[in-house]
Amino acid sequence: MDFKKSQELYNKGLTNLVGAVNSPVRAFASVGGNPLFVKKAKGSKIIDVDGNTYVDLVLSYGPMILGHRHKKVQKAVSKALKNGYSFGASTKNEIKLAKIICEAFSGMDKIRFVSSGTEAVLSGIRLARAYTGRDKIIKFSGCYHGHQDALLVAAGSGLATLSLPGSKGVPEGAVKNTLIANYNDLESVKAHFEEHDDIAGVILEPIAGNMGVVVPQNNFLKDLKKLVNSKGALLIVDEVMTGFRSNFGGAQEKFDVEADITCLGKVIGGGFPVGAYGARNEIMEMVAPLGGMYQAGTLSGNPIAMAAGISTLSELKKQDPYEKFNEIAKILEVFLLETAKKYDVKVTVNRFGSMINTFFTDVHVTNFEEAQTSDTKKYAVFFWEMIRNGVFLPPSQFEAWFLTSAISNKDLKNITKAIDKSIQAVSNM
Ligand SMILES: *Cc1c(COP(=O)(O)O)cnc(C)c1O
């Protein structure tokens, strides 16, 4: 396998792009080597500029749940393109997509579309503050909610617990109202509520997917909801990754927990830039033009993106692939564990629905601290051997692998073959 053209483009890209990427997660910093450049994709496969074909388990970090260039989505987008790309005025399809989404989430009467997950979450936080008249927000260590200043803390370092910024350029003032708790640890949330009486909301990923996959244990989500509401605060559930991915109604439906505010993104745009936040009427009526919380967007509700979203969600509803995802993820889990045993490599596999992840540790991973026990050098070797065997994984230990409904039995066979070789490579390190 040859990466010559990717190399050339990478070197060219360095001149006018930062690290030749437009999102740092696409850089290969933690696995070594240089990023691959993609030429095109179809169904479950992605093809790089050197002509190498991979089974795609990145899927644009989640959105491409139906696979690339699904017939129906492509048709809907082509049709929408004929009418124009952006109007700065309302269109019928915004109402249609809003209805599909509100019907899927029990606690959602109204929704506002934005253009990214980051925007969805920063607006959701503003809304919780507007509604409660309070300032403080609790987030969990290891959860990612986009790159807004206030939540760029607790990327896991020791600084995290001190609420120090996790990124340069974030002023201390921007995170002084951000409190950090530990995932799956209700007591750590209680402690904050005992100390502060001005907490507006608690935000979390209902199934964490940005520290590897970490699943809520026991009744964590239900107990959290009860606690948060008993203190007059709101539960903000960031389903940017899990919405329409873990199942149609998101993780909330799966765990029977109703968010006060839900943030969405990724799948709802079918590969186009869309985010959204939604809640009950009494909360959403805080938002301008009905209420005093300002939030706006030139390209919000973009007609091409709405067409892609509607066709993606309609097709998903029809396919109902969630049980199939579960079965495939289970097959992969069993295979990973058996292969690791065969080659005497320690792994922990976490999965939920179409999200799965392998940590190179024997620790049971239920929070960020435990996730960090994974040997990332082993992941780097594993990653490259998977690439060489035709499977595209995220170039980071702490990103989820995603499944698409376009995956075939042959793909699955190729993945398991690649896993065997890659775990063997790890054992030979
Ligand atoms: C991807 C993601 C975001 C950010 O969405 P962008 O579209 O990248 O801005 C926020 N929250 C979660 C849980 C995500 O997975």
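The structure under discussion appears in the preceding block.
Residues numbered from 1 in each chain as written. Predicted model: local features only at pLDDT ≥ 70, side-chain atom pairs only at ≥ 80, totals over all residues. Heavy atoms only, no water.

J.: Would you mind going over the sheet that holds strand β12 (residues 355–359) with me for this structure?
T.: Within a beta sheet, neighbouring strands are joined by backbone hydrogen bonds and run either parallel or antiparallel to one another. Here we have 3 strands laid out as an open sheet, ordered β11-β12-β14, and antiparallel in their pairing. Of all strands in the sheet, those with a lone pairing partner are β11 (348–352) and β14 (401–402), marking the two edges. Where β12 and β14 come together, 2 bridges link them in antiparallel fashion. Bridging across to β14, Met355 finds its partner in Phe402. (Pairing = 2+ DSSP bridges. Helix = DSSP H or I, 4+ residues; strand = E, 2+ residues; numbered from the N terminus.)

J.: Would you take a moment to explain the layout of surface pockets for this structure?
T.: A water-sized probe rolled over the atoms picks out the places where empty space is left. A volume near 630 Å³ is recorded for the second largest pocket. Residue assignment for the lining of the second largest pocket shows that the elements contributing at least two residues are α3 (92–104) and β4 (110–114). (1 Å grid on protein atoms, 1.4 Å probe; cavity = no way out; pocket = protein on both sides within 12 Å on 5 of 7 lines; lining within 4 Å. Points joined across faces, edges and corners; volume = space filled by probe spheres on them.)

J.: Can you walk me through empty space enclosed by the protein in this structure?
T.: If you walk through the whole model with that rule in mind, you get 1 cavity of 30 Å³ or more. Quantified by volume, the largest cavity comes out at close to 40 Å³. For the lining of the largest cavity, the secondary-structure elements that each account for two or more residues are β8 (234–238) and α8 (250–255). Class assignment for the residues of the lining of the largest cavity results in 7 nonpolar, 1 polar and no charged. (Nonpolar A, V, L, I, M, F, W, Y, C, P; charged D, E, K, R; others polar.)

J.: Can you help me understand the packing of helix α11 (residues 322–342) against helix α14 (residues 409–427) in this one?
T.: Relative placement of two packed helices is described by the angle separating their axes and the distance separating the axes. Across the interface, α11 lies against α14 with an axial gap of 10 Å and an inter-helix angle of 25 degrees. Judged by the angle between their axes, α11 and α14 are roughly parallel. Considering how the two elements wind past one another, α11 and α14 form a crossing that is right-handed. Across from Ile328, Ile331, Leu332, Phe335, Leu336, Thr339, Ala340 and Lys342 in α11, the residues of α14 making contact are Leu412, Ile415, Thr416, Ile419, Asp420 and Ile423. (Axes fitted to C-alpha atoms, helices over the stretch in contact; angles between N-to-C directions. Parallel < 35°, antiparallel > 145°, perpendicular 65-115°, else oblique. Left-handed = near helix turned anticlockwise from the far one by under 90°. Contact = heavy atoms within 4.5 Å.)

Limitation: the analysis is restricted to geometry and does not speak to function.
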